Amino acid sequence: MADPSSYRPKPGQIPDSPGVYKFRDEHRRVIYVGKAKNLRQRVANYFQDLANLHPRTRTMVTTAASVEWTVVSTEVEALQLEYSWIKEFDPRFNVKYRDDKSYPYLAVTLNEEFPRVQVMRGAKKKGVRYFGPYGHAWAIRETVDLMLRVFPVRTCSAGVFKNAARTGRPCLLGYIGKCSAPCVGRVTPEEHRELAEDFCDFMAGRTGTYIRRLEKDMMQAAEEMEYERAARLRDDAEALKRAMEKSAVVLADATDADLIAVAEDELEAALQIFHVRGGRVRGQRGWVTDKVEAVDTSGLVEHALQQLYGEERGDAVPKEVLVPALPEDTEAVSQWLAERRGSQVSLRIPQRGDKKDLMATVQRNAQQALGLHKTKRASDLTTRSRALEEIAEALGLDTAPLRIECYDISHLQGDDVVASMVVFEDGLARKSEYRRFQIKGFEGQDDVRSMHEVIGRRFKRYLQEKERTGEWEEQPTDTGPAATGPVPGPAATGSAPGPAATGSGLAPAAGPAPTGLAPATGPVPAATGPASGPVPAVAEDAEPREDDGRPKRFAYPPQLVVVDGGQPQVAAAKRALDELGIDDIAVCGLAKRLEEVWLPDDDDPVVLPRSSEGLYLLQRVRDEAHRFAITYQRAKRAKRIRTSPLDDVSGLGETRKQALIKHFGSVKKLRQATIDEICEVPGIGRRTAESVAAALASTAPAAPAVNTATGEIIEEDDGGSS
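Residues numbered from 1 in each chain as written. Predicted model: local features only at pLDDT ≥ 70, side-chain atom pairs only at ≥ 80, totals over all residues. Heavy atoms only, no water.

**A closer look at a nonpolar patch on the surface**
Turning to step 1, where the next piece is worked out: The grouping of L172, Y175 and I176 at the surface amounts to a nonpolar patch, some 360 Å² of accessible area in total.
Turning to step 2, where the next piece is worked out: Within the element layout of this structure, Y175 appears in helix α6 (residues 172–175). (Patch = residues over 30% accessible without salt bridge, like charges linked within 9 Å, V, L, I, M, F, W, Y side chains within 5 Å. Areas by Shrake-Rupley, 256 points an atom, 1.4 Å probe, with all protein chains shown as cover. Salt bridge = Lys/Arg side-chain N within 4 Å of Asp/Glu carboxyl O. Helix = DSSP H or I, 4+ residues; strand = E, 2+ residues; numbered from the N terminus.)

**What about the side chain of Q569?**
Turning to step 1, where the next piece is worked out: For Q569, the position within the fold is in helix α14 (residues 567–579).
Turning to step 2, where the next piece is worked out: Taking the relative accessible area as the measure of exposure, Q569 reaches 15% and is therefore buried.
Turning to step 3, where the next piece is worked out: Here G566 takes part through its backbone nitrogen, which lies 3.1 Å from a polar atom of the side chain of Q569.
Turning to step 4, where the next piece is worked out: Ignoring sequence-local partners within four residues, the contact set of Q569 consists of D447, V448, M451, V563 and D564. (Buried < 20%, exposed > 50% of the residue type's maximum accessible area, 1.4 Å probe, protein only. Polar contact = N/O pair within 3.5 Å; in protein donor to acceptor, adjacent residues only side chain to side chain. Contact = heavy atoms within 4.5 Å.)

**Looking at unusual backbone geometry**
Turning to step 1, where the next piece is worked out: The phi torsion at D426 lies on the positive side, around 55°, for a residue other than glycine.
Turning to step 2, where the next piece is worked out: For D426, the position within the fold is in the loop between β14 (415–425) and β15 (428–429).
Turning to step 3, where the next piece is worked out: Of note, D601 is a non-glycine position whose phi angle comes to about 65°, a positive value.
Turning to step 4, where the next piece is worked out: Here D601 is to be found in the loop between β20 (596–598) and α15 (613–641).

**Re the environment of T57**
Turning to step 1, where the next piece is worked out: Mapped onto the elements, T57 comes out in helix α2 (residues 55–63).
Turning to step 2, where the next piece is worked out: Counting along the chain gives 36 residues from T57 to F93, while the straight-line C-alpha distance between them is 8.7 Å.
Turning to step 3, where the next piece is worked out: Those residues in contact with T57 that lie beyond four places of it in its chain are Y46 and A294.

**Quick look at the pairing of strand β19 (residues 586–591)**
Turning to step 1, where the next piece is worked out: Burial runs high along β19: five of the six residues are buried.
Turning to step 2, where the next piece is worked out: Here five bridges tie strand β18 (residues 560–564) to β19, and the two strands are oriented parallel to one another. Residue L560 lies in a different strand from β19, and its bridge partner there is A586.
Turning to step 3, where the next piece is worked out: For the crossover that starts at β18, traverses α14 and ends in the parallel β19, the hand is right-handed.
Turning to step 4, where the next piece is worked out: Pairing of β19 with β20, which is carried by three bridges, proceeds in the antiparallel orientation. Its bridge partner being in β20, G589 is matched across the sheet by W598. (Pairing = 2+ DSSP bridges. Right-handed = clockwise from strand over helix to strand, strands pointing away.)

**A word on the sheet that holds strand β6 (residues 117–120)**
Turning to step 1, where the next piece is worked out: Across the sheet, three strands lie side by side as β6-β5-β7; this open sheet has antiparallel pairing. Sheet topology places β6 and β7 (129–131) at the edges, where each strand pairs with a single neighbour. Averaged over neighbouring strand pairs, the angle between their axes works out to 30° when direction is ignored.
Turning to step 2, where the next piece is worked out: Contacts between helix α7 (residues 189–203) and the sheet are confined to β5 (105–108), β6 and β7, with β5 contributing the most and set at about 150° to the helix. (Axes fitted to C-alpha atoms, helices over the stretch in contact; angles between N-to-C directions.)

**Thoughts on the pattern of salt bridges**
Turning to step 1, where the next piece is worked out: This model, assessed by the stated rule, comprises 24 salt bridges.
Turning to step 2, where the next piece is worked out: Two residues, D676 and R686, come together in a salt bridge whose shortest N-O distance is 2.9 Å. Remark: R686 occurs in helix α19 (residues 686–698) and D676 occurs in helix α18 (residues 675–679); sequence separation between them is ten residues.
Turning to step 3, where the next piece is worked out: Overall, the relative accessible area of 48% leaves D676 in the partly exposed class.
Turning to step 4, where the next piece is worked out: You can call R686 partly exposed: its relative accessible area is 47%.
Turning to step 5, where the next piece is worked out: By sharing partners, the salt bridges in this structure join R403, E405, E425, R430, E433 and R458 into a single network.

**What about the packing of aromatic side chains?**
Turning to step 1, where the next piece is worked out: Taken as a whole, this structure holds 13 aromatic pairs when the rule is applied.
Turning to step 2, where the next piece is worked out: Ring centres of F23 and Y46 lie 5.1 Å apart, and the angle between their planes is 65°; on these two criteria the pair is classed as edge-to-face. Within this pair, whereas F23 is found in strand β1 (residues 19–25), its partner Y46 is found in the loop between α1 (39–45) and α2, the two being separated by 23 residues in sequence. In this structure, F23 and Y46 share a single accessibility class: buried.
Turning to step 3, where the next piece is worked out: On the basis of an interplanar angle of 35° and a centroid distance of 6.4 Å, the ring pair of F23 and F47 is categorised as tilted. (Phe/Tyr/Trp six-rings, centres within 6.5 Å; stacked < 30°, edge-to-face > 60°.)

**A look at the pairing of β14**
Turning to step 1, where the next piece is worked out: Most of β14 sits inside the fold, with nine of its eleven residues counted as buried.
Turning to step 2, where the next piece is worked out: Here strand β13 (residues 403–412) pairs with β14 via nine bridges, running antiparallel. Across the sheet, the residue bridging to D408 is S420, located in β14.
Turning to step 3, where the next piece is worked out: Adjacent in sequence and paired antiparallel, β13 and β14 are bridged by two residues, among which Q413 carries a positive phi angle near 50°.

**Some words on the packing of helix α10 (residues 297–309) against helix α11 (residues 330–341)**
Turning to step 1, where the next piece is worked out: Relative orientation of the contacting elements α10 and α11 amounts to 10°, with a least axis distance of 12 Å. In terms of their interaxial angle, α10 and α11 are classed as roughly parallel. The segment α10 lies against α11, with E302, L305, Q306 and Y309 engaging V333, W336, L337 and R340. (Parallel < 35°, antiparallel > 145°, perpendicular 65-115°, else oblique.)

**Regarding α10**
Turning to step 1, where the next piece is worked out: The end-to-end C-alpha distance of α10, which contains 13 residues, comes to 18 Å, matching closely the 18 Å that a straight helix rising 1.5 Å per residue would cover.
Turning to step 2, where the next piece is worked out: Of all 13 residues that make up α10, eleven are buried, and the element is covered over most of its length.
Turning to step 3, where the next piece is worked out: Turning to α10, its buried residues are S298, G299, L300, V301, E302, H303, A304, L305, Q306, L308 and Y309. (Expected span 1.5 Å × (residues − 1).)

Right, here's the structure in full:
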């Protein structure tokens with residue numbers, strides 16, 4: 001536990017300007033991000049007597065080892081930078097809402113030549129119009145089925161669409177009038193896009209225009225004694241009305257608003273959001289969070305607004321946002337929302353009328369969601385705690401293994417040998433910590449040797465991180481010929497600020513801290529550190545990255561290492577740890593056949609009862625490692641199988657490769673072609689044709705594939721391999 005006075009900034013170092021600050025732990029990992037109108041006043045509050053601090057704040061400041069800050073020009077910029085840093089660093093002491101499910105949306109792909117209506121989940125894509133979220137996908141499909149009578153927009157996949165265009169025959173929906181069949185030219189692209197835009201207008205709440213138009217056309221058809229057409233128009237109008245009835249009117253003035261309600265206790269908070277468009281509830285979603293920081297209702301609302309609208313633009317941010325409590329700096333948050341929408345946004349608490357009544361309904365939903373979550377979590381937490389205690393007792397551990405890592409080897413007859421590492425923390429999968437390895441030390445099939453290599457590589461990186469942060473004090477004692485100790489890395493004995501920081505409060509050994517003044521002109525960029533992409537899935541033995549506050553890939557050791565296998569695999573894992581001088585990490589193996597638990601140097605396995613929660617947790621960890629490994633191995637094998645001799649031709653891109661295959665039909669026929677025949681393909685010059693011919697001539701054709709069911713030789717016609 002760190003003493004906050006050891007890294008408290010000196011008086012006068014912290015400016016009294018608006019800004020954003022972040023606390024780092026001893027590993028230089030960012031653990032908390034906050035913003036302030038006055039940095040000096042806010043940061044100083046963290047260094048008062050520990051007895052006066054909230055318990056969660058006290059835990060945070062005693063976990064931290066340094067504090068840094070960045071000055072900005074306005075409070076709106078502080079809000080934007082705080083959101084960017086929370087998203088980038090994922091601090092453990094900041095409130096983060098977790099979606100309790102992946103909500104489906106009704107999406108219209110306006111970015112395609114022929115827009116498609118479909119159900120979508122996950123991240124939103126540019127050029128796609130979204131409506132929702134909905135509670136269930138079937139609710140979307142029911143609504144779409146009703147509306148296709150009036151707006152016969154394409155709903156088929158790209159493959160079905162291309163097949164229909166090739167054959168000249170539409171799908172079933174085209175025959176029954178629920179698709180305008182643009183695939184066969186019944187409507188032009190412009191006419192189909194107009195249908196899609198009308199569909200979007202109706203879903204956006206502009207319903208009256210279309211129903212009145214249908215009723216007018218129906219009356220006109222009846223007057224002209226076109227009774228069949230009038231009946232169809234009547235049915236179309238009824239279908240739209242039924243679609244509207246699925247979302248009842250809750251606000252009579254056709255309001256576009258989001259209503260946010262919060263239910264909370266000392267430990268957790270549940271958030272419910274109703275999306276109202278055109279006076280009707282068009283979507284609902286719920287979030288749950290642990291209150292890992294000292295935060296009141298207004299703070300929870302502010303965090304919710306950041307996470308809800310941080311990635312949104314335009315109409316996705318409504319004109320009105322109704323909340324149970326206003327954020328501390330309402331003006332700055334309102335301005336931030338207005339910038340994202342492009343026009344004024346009203347952020348307020350409903351006081352009377354329909355909006356207050358609807359807010360009460362949202363609040364009841366939040367209370368019920370919190371109660372349901374606590375009931376589920378209480379049962380789940382009890383089960384997980386019992387499982388960890390049973391594992392600790394069975395393996396003779398001093399404490400419950402809160403972090404468990406499991407390793408598995410996967411290959412196909414010695415080819416494409418890979419390994420997986422999965423991580424469970426507190427009995428739950430931590431998928432962001434999963435890693436994948438390619439076996440590099442040898443060729444062929446040897447699970448024991450592969451396990452030794454993977455464990456050695458993983459914990460060599462762990463020792464590198466310890467040495468780099470100054471935790472490693474001496475080299476380990478050699479225990480075998482392979483024992484080399486940690487691979488030397490750049491030591492980090494000081495607490496120098498990372499490149500993102502423009503001010504810091506560090507331990508005295510680090511020397512005086514800079515004042516942290518930012519330029520007075522222009523906004524501070526959202527990410528002031530070096531750019532970094534997503535962490536690669538394949539673990540490589542490369543030098544660790546510089547300190548940037550992000551979670552490190554191998555910096556945190558487990559309390560228990562589980563290997564998929566029996567006594568030989570366990571012995572290999574233990575030997576790898578001994579060679580590195582690591583003796584404080586327990587190792588065990590879980591054999592598939594009898595689900596026996598093997599320990600190093602024990603001739604007899606530990607047999608857990610079949611009803612044991614501890615055995616069930618170990619099985620889940622082992623099965624997850626197996627799934628992760630075999631998924632990677634299959635992907636790697638599929639990529640190898642799909643390779644083509646054309647891949648080795650310099651300057652030949654994917655488009656021209658496809659043009660060659662399309663022209664000749666297969667790699668086999670392309671290999672038989674002359675250079676002049678290859679030059680006939682559009683975009684292929686003589687020099688490229690010569691390179692293609694040379695590449696194909698230098699690679700011998702592979703043995704033909706055989707259909708084992710019929711004995712038939714499968715011709716090489718897909719262009720994917722030779």
